[in-house]
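Overview (structure and organization)
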Number of protein chains: 4
Amino acid sequence: MGATFGRNLRMTIFGESHGKGIGLVLDGLPPGSAINEEFIREEMARRAPGQNLLSTQRKEADAFIIESGVFEGKAAGTPLCALIPNSDQHSKDYSILKNQMRPGHADYAGKIKYKGFNDYRGGGHFSGRLTAPLVFVGAVAKSILKEKGVVVGAHIARIGRVTDTLFNPLGETAERLQGLRRYILPVLDASRAPLMEAEVMAAREEKDSVGGVIEVMAIGVPPGIGEPFFDSLESRLSHALFSVPAVKGVEFGAGFGISALKGSEANDPMRFDGEQVITTKNNNGGITGGITNGMPVLFRVAIKPTPSISRPQQTVDLAAGEDAVLEITGRHDPCIVPRAVPVIEAVAAWTLLDMML
Amino acid sequence: MGATFGRNLRMTIFGESHGKGIGLVLDGLPPGSAINEEFIREEMARRAPGQNLLSTQRKEADAFIIESGVFEGKAAGTPLCALIPNSDQHSKDYSILKNQMRPGHADYAGKIKYKGFNDYRGGGHFSGRLTAPLVFVGAVAKSILKEKGVVVGAHIARIGRVTDTLFNPLGETAERLQGLRRYILPVLDASRAPLMEAEVMAAREEKDSVGGVIEVMAIGVPPGIGEPFFDSLESRLSHALFSVPAVKGVEFGAGFGISALKGSEANDPMRFDGEQVITTKNNNGGITGGITNGMPVLFRVAIKPTPSISRPQQTVDLAAGEDAVLEITGRHDPCIVPRAVPVIEAVAAWTLLDMML
Amino acid sequence: MGATFGRNLRMTIFGESHGKGIGLVLDGLPPGSAINEEFIREEMARRAPGQNLLSTQRKEADAFIIESGVFEGKAAGTPLCALIPNSDQHSKDYSILKNQMRPGHADYAGKIKYKGFNDYRGGGHFSGRLTAPLVFVGAVAKSILKEKGVVVGAHIARIGRVTDTLFNPLGETAERLQGLRRYILPVLDASRAPLMEAEVMAAREEKDSVGGVIEVMAIGVPPGIGEPFFDSLESRLSHALFSVPAVKGVEFGAGFGISALKGSEANDPMRFDGEQVITTKNNNGGITGGITNGMPVLFRVAIKPTPSISRPQQTVDLAAGEDAVLEITGRHDPCIVPRAVPVIEAVAAWTLLDMML
Amino acid sequence: MGATFGRNLRMTIFGESHGKGIGLVLDGLPPGSAINEEFIREEMARRAPGQNLLSTQRKEADAFIIESGVFEGKAAGTPLCALIPNSDQHSKDYSILKNQMRPGHADYAGKIKYKGFNDYRGGGHFSGRLTAPLVFVGAVAKSILKEKGVVVGAHIARIGRVTDTLFNPLGETAERLQGLRRYILPVLDASRAPLMEAEVMAAREEKDSVGGVIEVMAIGVPPGIGEPFFDSLESRLSHALFSVPAVKGVEFGAGFGISALKGSEANDPMRFDGEQVITTKNNNGGITGGITNGMPVLFRVAIKPTPSISRPQQTVDLAAGEDAVLEITGRHDPCIVPRAVPVIEAVAAWTLLDMML
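This one's a predicted model, so the numbers in the text were calculated from it and none came from an experiment.

Quick notes on the rules
Residues numbered from 1 in each chain as written. Chains lettered and ligands numbered in written order. Predicted model: local features only at pLDDT ≥ 70, side-chain atom pairs only at ≥ 80, totals over all residues. Heavy atoms only, no water. Pairing = 2+ DSSP bridges. Helix = DSSP H or I, 4+ residues; strand = E, 2+ residues; numbered from the N terminus. Least-squares fit on C-alpha atoms with pLDDT ≥ 70 in both. Contact = heavy atoms within 4.5 Å. Axes fitted to C-alpha atoms, helices over the stretch in contact; angles between N-to-C directions. Parallel < 35°, antiparallel > 145°, perpendicular 65-115°, else oblique. Left-handed = near helix turned anticlockwise from the far one by under 90°. Nonpolar A, V, L, I, M, F, W, Y, C, P; charged D, E, K, R; others polar. Buried < 20%, exposed > 50% of the residue type's maximum accessible area, 1.4 Å probe, protein only. Polar contact = N/O pair within 3.5 Å; in protein donor to acceptor, adjacent residues only side chain to side chain. Disulfide = S-S within 2.5 Å. Buried area = accessible area lost by both parts, 1.4 Å probe. Salt bridge = Lys/Arg side-chain N within 4 Å of Asp/Glu carboxyl O.

This next bit is on the sheet that holds strand S4 (residues 65–68) of chain B. All names here are of chain B. What the 5 strands build is an open sheet, ordered S1-S2-S3-S7-S4; its pairing is antiparallel. Both edges of this open sheet fall to strand S1 (4–5) and S4, since each of them pairs with a single strand only. As judged from the 3 bridges shared by S4 and strand S7 (residues 80–85), these two strands associate in the antiparallel manner. Directly across from Ile66, in S7, lies its bridge partner Ala82.

So, in structure tokens, the structure goes:
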């Protein structure tokens, strides 16, 4: 009972990883918006698994079918439904996961919530596969935002113990932000990519996994976006971001670091730059009072290590009513951070557009 | 246009700091819920300013008048409106703030959003005073939660450079959680309180301010609370928390720290404790897949230093159309973290109850 | 749990007739909108009781206090709270109504819903007095609509057995629509007013009451207003209208009468009138497919006779657990239709503006 | 931007009549609810066209595919998506309807709203075909309601000039209500069916169409359902009902007729029937103060004649910018009332369940 989110560009999501398919309904697209299927496919390919050794070897085409809402290549203004049929579902036996709860996963919480009636195969509705519809919507949103002069980009600020440099909080060029999407491991300091790759491969070797941090910037967002009291831009962004599986933290601007600063350090001094009002620091991440101030919107998201690991783990067997040791077989991402980058970008683009419409 | 939030216990907030008054409407209270005005007053007193040297010397009674929704001491089930009249409004001249934007404040973003028509005096609708209604609602929610066996408590995990020890993620006693509210500087390690106080007093001396981190725990929350996909408990909590002025980060469980762990470290092993399923770690903060798993709900919130400082600051004068140096006069909190503690607790209590109803 | 309605101009309502006060919060007013307190007072006076023999002799000043959201005479853009304190509450003994349910009233349904905790005095939250906040909002909406060229007017199409002529479905002048508000019994055929008055006075004599029908027209509404599938303008208008106590029917255009027509009679032929597309009939009441087509929006609302009558009535005593005969004492409206006119107009104006913003 | 409705059982609808398909997402089904596909198919067959001479000769299988939310024959608790692929789309040339607006249809209003980008073929998103998803949801709702002891039934109260007798407002048996669904022309007085059929056939002969009135009763609805102030059961039912194409009026209980009664006639006297409180009349249609009182919920809906008729009609050609005479070719329903019966029932069942959950 939380399938729908958004105010002016409302998304409804559905599906389980091992049912017929997953998908979305998007309501509120301005009629006439170009729907660039090729760009959507490219964005979805960034998220799709099976493309390199850093991710799971499952192949999922993530092909989509637009059922409604697009007419002659443009948004009709009516609800757009896109279906992403499931494929490559190993007919493997999931029955052990019916009763043995995978640590770090939603298995137990979901079983309680849905009284045992939910589809547990492959995580069901909790599967990371449910982020594919988000990327679809994000791609549509990015195209519309681009026409409004807004560009969203993201890089991996950390994988395991390896960190990247951070965005210049005062802004990056559109070229740099857009260029990041060409890389499997998008980083600002190119020398960190091989180190991150090594970190992931080491985890894979150890039948373990690693997490990370993604940093996002949006430039060109006009001032005045955000709806106090309860629909601050930070509220809406974090709401959508924490819906993405594996997100455990969200911070804006200087974030948690701001708590150790003095007010004289944390405040962003203001000045005129021609006709425009700018700040000379951006510790607030482009948002004050929950409303954009015209500076780049900047935030970071903490991603936990993939909970699916091949090592034996201590858990419970609910049918047997006793403790158990579970070994999860199958193909897993040793690190979902690279595949999470387009998802987080997509959520940012969708939310920004939702609040700008 | 974001005055209302909540799904089953919906709050609408209104008011400006220098208008007639502020207040709230609370819709969805279970009829018959006891409304303990004395407890509400106590909670609101925790937030009220002017009580000690750590906070602003402004005195605000924060007395409330219940206009509706309570009959014979109990919730009628109909909308409860509580009014908090404004008082002690210095008749000082705020006119300089009409055009000179305070750095770190919502002044500029708000002026753009509201096209200059909003009440700028004392921050208007963006004033920290608007958190008083949250505390009112939180007090009502805490009483109802208590009957359901849920207890919420918070401590200051950091002020400036001084940190406290953290909650035991596997749980604290109800006594310890509830006992914290007796202190102006609620900490787990009593030796840190004087150090924090010194940090605040030093900032005051320097006409500066400091921020901090608040850690919150809720025990007794049943498993199964949270609404995938978009209304995960983390989504709803962060949404409400980021509505509170000065919050710049929210993290659950191990939070940003989880991003540096291996999956084998981050996953919370499960076992039976009698009939009950528990985890032997709590890196997920009691929430997996966006749904509670029965372990304590645990999160931390980053609070920025009070942006109002007495030092001269670089800013813009929108009327003059040129840069300016602003000296904010008046009484300010050198640190709002202590007064933010009951606010953050209140938001947690309200959101938890909203999702449990 | 239904205190809030509206999408872009969201209203939250609160209060009981015999509590401290009633009121509203209005969120989403365009900043800078003129708030004409004098006009609001006039509109509220149209609804207020005690002004003539046609209505109850209770005197209620319906004076309002704007608590927030208005700054220097204009909408600040932040939530507007208006409080309407209760007065002239007879200290009469309502205790009989605690257990004896008034037929035709919400007493029994409400007691079940609120488990007996609601304030039953004078109907509590179900009191017709709760329509005063609607009139407040309607007055604000009318002023804004007027600047957009939209005028809303209503007349009494029926009281008891006396009918008025109906609006010309192709349109009335703004002058005629606005002129109606000057009359206690607004009718199109002036000769019907005395007959209606007689109908009401006869009912009063007989300790009985009469109902009626109100017809509303809005001119100047641009085409394209309405949100399929579920937020057709008819859906939103009827939703708001059926919230008003005593409304039992809503019909648009030819309404129930259209069901007896042939398609060739019911369809509204279209033609150009200069550049503008018009229809030469208006059986659809200006709405096709749930969306305005530029013709006048036209609908009628059925109002039931005041359920409070002084005659003995058969009912139940819930405390005694047995049937009872109830005689309601006190001052009642023999006919609420005249006082309902400004309420229905207000709901129409609010809803139209909500969907046009 | 109105694709989603409902509070606890939220439906999102999508599709155009000549796109790939139409469908729905249903969020909030209690996990474990039986999903009886056979019953759903039966209900959808009641609405499907092409079954007899009373309706259009288009054949639409209305076969559905459940994409998600059902696991092992039961509701999983996660969003249920059902897809209804389009078929039997005549490849006829719709191009004339791109610019020539059909009177009585949404063509013109929709073209303005969607700026000409919407799919105009066959009415697109405004097509009556969009009511198929409603019937799907209604069938699911009816099964769940049945377990709660609630039965919904409907009959045709009028077609053109032929009327049926009305429901006994004090209640009908479950058998009678359920039995009505077996008939193409469900009536209470069997002698009226042939007359209604003759009325429809006459209209068909004349290349014309007829409308009608549908009366609905729900028995077994417990008292206490409805959410004042703005979510009265009448508000929610009418909101959903007016979303159905061709509905122009909704009235509860005695409806418009109540406006001509005296209060002493209109009020429903109450008495004990054993332990239960009942009323001895039911002019309020089981709803007082917007809340059910335990008596049968009773309402009527006015359906306009099918606007698609084969006769030449006066309209506009928007491309040519001049008046035109349009002859709509193709297969049309001379009367949609019989096919609307299961739709109206479905909306009632869905809304009642939504408010009972």
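From this point on, the discussion continues.
Spatially, 10 strands are ordered S9(A)-S8(A)-S10(A)-S16(A)-S11(A)-S11(B)-S16(B)-S10(B)-S8(B)-S9(B) in an open sheet, and the strand pairing comes out antiparallel. Two strands bound the open sheet, and with one partner strand each, they are strand S9 (162–163) of chain A together with strand S9 (162–163) of chain B. Pairing analysis gives 3 bridges linking strand S11 (residues 247–252) of chain A to strand S11 (residues 247–252) of chain B, with the strands arranged antiparallel. Paired with Gly249(A) across the strands is Glu251(B), a residue of S11(B).

A few words now on the relation of the copies chain A and chain B. Between the two copies of this chain, the relationship is a rotation about some axis together with a displacement along it. Rotating chain A by 180° about the axis while translating it 0.0 Å along that axis superimposes it on chain B, leaving an RMSD of 0.0 Å. Considering both components of the superposition, the chain copies are consistent with a two-fold axis. Take the interface residues of chain A: 100% of them recur as interface residues in chain B, which is what a same-surface contact looks like.

A few words on the packing of helix H4 (residues 131–147) of chain C against helix H9 (residues 337–356) of chain C. Residue and element names in this part refer to chain C. At a minimum axis distance of 7 Å, the contact between H4 and H9 shows a crossing angle of 50°. Compared by their axis directions, H4 and H9 come out oblique. As for how H4 packs across H9, the hand of that crossing is left-handed. Between H4 and H9, the residues in contact are Thr131, Leu134, Val135, Val137, Gly138, Ala141, Lys142, Ile144 and Leu145 and Pro342, Val343, Glu345, Ala346, Val347, Ala349, Trp350, Leu353 and Met356, respectively. Here the contact of H4 with H9 is built from residues that sort into 14 nonpolar, 2 polar and 2 charged.

Position of Thr288(B) among the secondary structure elements: in strand S14 (residues 287–288). Judged by its relative accessible area of 5%, Thr288(B) is buried. Along the primary structure Thr288(B) and Leu233(B) are separated by 55 residues, whereas in three dimensions their C-alpha atoms are 9.4 Å apart. Apart from residues lying up to four places away in sequence, Thr288(B) is in contact with Gly104(A), His105(A), Ala106(A), Ala109(A), Lys304(A) and Asn293(B). There is a polar contact of 3.3 Å between the side chain of Thr288(B) and the backbone oxygen of His105(A).

What follows deals with the state of the cysteines. Inspection of the entire model under this criterion finds 0 disulfides over all chains. No disulfide involves Cys81(B); its sulfur sits 5.6 Å from that of Cys81(C), the nearest cysteine. The class for Cys81(B) is buried, based on a relative accessible area of 0%.

Another point: the interface of chain A and chain B. Listed as interface residues are 100 residues of chain A and, on the opposing side, 100 residues of chain B. Buried area between chain A and chain B, summed over both chains or domains, comes out near 7900 Å², and the portion from carbon and sulfur atoms is 63%. Among the residues chain A hides against chain B, the three largest losses belong to Phe229(A), Phe230(A) and Lys248(A). Together they make up 12% of the total. Run the count over chain A and chain B and you get 6 salt bridges. A salt bridge links Lys248(A) to Glu234(B), with the nearest nitrogen and oxygen atoms 2.8 Å apart. For the interface between chain A and chain B, the tally reads 58 residue pairs in polar contact (both at pLDDT 80 or more). Per element, the largest residue contribution to the side of chain A that touches chain B is 6 residues, and it comes from S11(A). Each residue belonging to the side of chain A that touches chain B can be placed in one class, and the counts come to 46 nonpolar, 34 polar and 20 charged.

Once that is clear, we can look at the pairing of strand S8 (residues 151–159) of chain D. Residue and element names in this part refer to chain D. Judged by how many residues are buried, S8 sits mostly within the fold: 8 of 9 residues are covered. Sheet topology places S8 next to strand S10 (residues 212–219); 8 bridges connect them, and they run antiparallel. What sits directly across from His155, in S10, is Glu215. Here S8 runs beside strand S9 (residues 162–163); their pairing, made up of 2 bridges, is antiparallel. The residue bridging Ile159 from the neighbouring strand is Val162, located in S9. Counting the residues that bridge the hairpin from S8 to S9 gives 2 residues, and of these Gly160 lies at a positive phi of roughly 55°.

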